Amino acid sequence: MEKKETAKDKKVKGLINDLKSEDAAVQLKAVKALKTHGNETAVEPLVALLSSTDDDKISKEIEDLINTTKSTAVPAEIAKCLEKEAYANVRQKLMISIWSSGLDYRPYMEQIANATVAGGMMEAVECITIIENLEGMLEEDEIMEALLIFKTYLVETKKEDGPKNEIIKEIVISLQQMNDSI
């Protein structure tokens, strides 16, 4: 039997639709309304707008929303967005939201590691901040998956010398220390 669409679901769909408007005022109003009425289905449309808008007010509202959300369904959606090349220009902002929100992103260390190596120095800085602010310990498989990604990157870029590689080396040391304490 099909699930009946609730009034709340219809409201969220309408607000998500408003995010696609050509009118910045309509978009801003929708972002603000999603702070109250939104759910995890709004995450990717919000990230898509964040990625494409030049409007500082809209960007700030979206960043505030993803940085302060407390829904435990959001980390999976943010992790999916981290993996999409279309959102590479907002990857650092997404990573900031990971440590700002205080939500549990431990199951998404693979996506965080991939976003770090695909990004620049600032993504590496955000990654180390994420690791420092983790609540609880990572599971061994989460650590090992991330270590594999980081070590592969360092092997592939061993001839390069720069701050990003130095930060990733620090990340590897932190993860190895976590693994040793399991």
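Since this is a predicted model, take the numbers as computed values, not measurements.

## A closer look at the nonpolar core
Side chains of a nonpolar character, in soluble globular proteins, are inclined to be buried together. Within the largest apolar cluster, 55 residues are counted, with the highest numbers of intra-cluster contacts made by I112, F150, I171 and L175. Among residues more than four places away in sequence, those in contact with I171 are T116, A124, C127, I128, I131 and F150.

## Quick word on a negative patch on the surface
A contiguous patch of negative charge on the surface is contributed by E83, E110, E139, E140, D141 and E145. For the negative patch, the element with the most residues is helix α9 (residues 140-156), which contributes three residues. With respect to the helices and strands, the residue E83 is situated in helix α5 (residues 74-83).

## Observations regarding the packing of aromatic side chains
Counted by the stated rule, this structure contains one aromatic pair. Taking the centre distance of 6.3 Å and the plane angle of 70° together, the rings of Y105 and Y108 count as edge-to-face.

## Considerations on the side chain of T69
Looking at the secondary structure, you find T69 in the loop between α4 (56-68) and α5. Contacts of T69, omitting those with residues within four sequence positions, involve V74, S101 and L103.

## So, α9
The end-to-end C-alpha separation of α9 is 24 Å, in line with the 24 Å expected for 17 residues at 1.5 Å each. Of all the positions in α9, only E142, I143, A146, L147, I149, F150, Y153 and L154 are classed as buried. All buried residues of α9 fall inside an arc of 165° around its axis, so they share one side. Those residues of α9 that are exposed and angled more than 90 degrees off the buried face are D141, L148, V155 and E156. Looking at the buried side of α9, the elements it contacts are α7 (109-118), α8 (121-132) and α10 (163-180).

## Considering the packing of α4 against helix α6 (residues 91-101)
Packed helix pairs are specified by the crossing angle of their axes together with the interaxial distance, meaning the distance between the axes. In the contact formed by α4 and α6, the axes pass within 7 Å of each other and the chain directions differ by 40°. Taken together, the axis directions place α4 and α6 in an arrangement best described as oblique. Residues E63, I66 and N67 of α4 lie in contact with α6, whose contacting residues are K93, L94, I96, S97, S100 and S101. Classifying every residue of the contact of α4 with α6 gives three nonpolar, four polar and two charged.

## Some words on the side chain of K164
Structurally, the position occupied by K164 is in helix α10. Reaching out from K164, the side chain makes a polar contact with the backbone oxygen of G119 at a distance of 2.4 Å. Looking at K164, its side chain comes within polar contact range of the side chain of Y153, at 3.4 Å. Beyond its immediate sequence surroundings of up to four residues, K164 is in contact with T116, V117, A118, G119, G120, M121, A124 and Y153.

## Here we look at the layout of surface pockets
The calculated volume of the largest pocket comes to roughly 190 Å³. Taken together, 13 residues form the lining of the largest pocket, with L34, G38, N39, L65 and T69 sitting closest to its centre. Elements supplying a minimum of two residues to the lining of the largest pocket: α2 (24-37), α3 (43-52) and α4. Residue composition of the lining of the largest pocket, by class: seven nonpolar, four polar and two charged.

## Thoughts on the environment of Y105
Along the chain, Y105 turns up in the loop between α6 and α7. Residue Y105 is classed as buried on the basis of its relative accessible area, which comes to 3%. Each C-alpha atom of the pair Y105 and A79 lies 8.4 Å from the other, and the pair is 26 residues apart in sequence. Not counting residues up to four positions away in its chain, the partners in contact with Y105 are V74, P75, I78, I98 and I112.

What counts and how
- Residues numbered from 1 in each chain as written.
- Predicted model: local features only at pLDDT ≥ 70, side-chain atom pairs only at ≥ 80, totals over all residues.
- Heavy atoms only, no water.
- Core = buried A, V, L, I, M, F, W, Y, C linked by side-chain atoms within 4.5 Å.
- Buried < 20%, exposed > 50% of the residue type's maximum accessible area, 1.4 Å probe, protein only.
- Contact = heavy atoms within 4.5 Å.
- Patch = residues over 30% accessible without salt bridge, like charges linked within 9 Å, V, L, I, M, F, W, Y side chains within 5 Å.
- Areas by Shrake-Rupley, 256 points an atom, 1.4 Å probe, with all protein chains shown as cover.
- Salt bridge = Lys/Arg side-chain N within 4 Å of Asp/Glu carboxyl O.
- Lys, Arg positive; Asp, Glu negative; His and termini not counted.
- Charge placed at Lys NZ, Arg CZ, Asp CG, Glu CD.
- Helix = DSSP H or I, 4+ residues; strand = E, 2+ residues; numbered from the N terminus.
- Phe/Tyr/Trp six-rings, centres within 6.5 Å; stacked < 30°, edge-to-face > 60°.
- Expected span 1.5 Å × (residues − 1).
- Arc of directions from axis to C-beta.
- Axes fitted to C-alpha atoms, helices over the stretch in contact; angles between N-to-C directions.
- Parallel < 35°, antiparallel > 145°, perpendicular 65-115°, else oblique.
- Nonpolar A, V, L, I, M, F, W, Y, C, P; charged D, E, K, R; others polar.
- Polar contact = N/O pair within 3.5 Å; in protein donor to acceptor, adjacent residues only side chain to side chain.
- 1 Å grid on protein atoms, 1.4 Å probe; cavity = no way out; pocket = protein on both sides within 12 Å on 5 of 7 lines; lining within 4 Å.
- Points joined across faces, edges and corners; volume = space filled by probe spheres on them.

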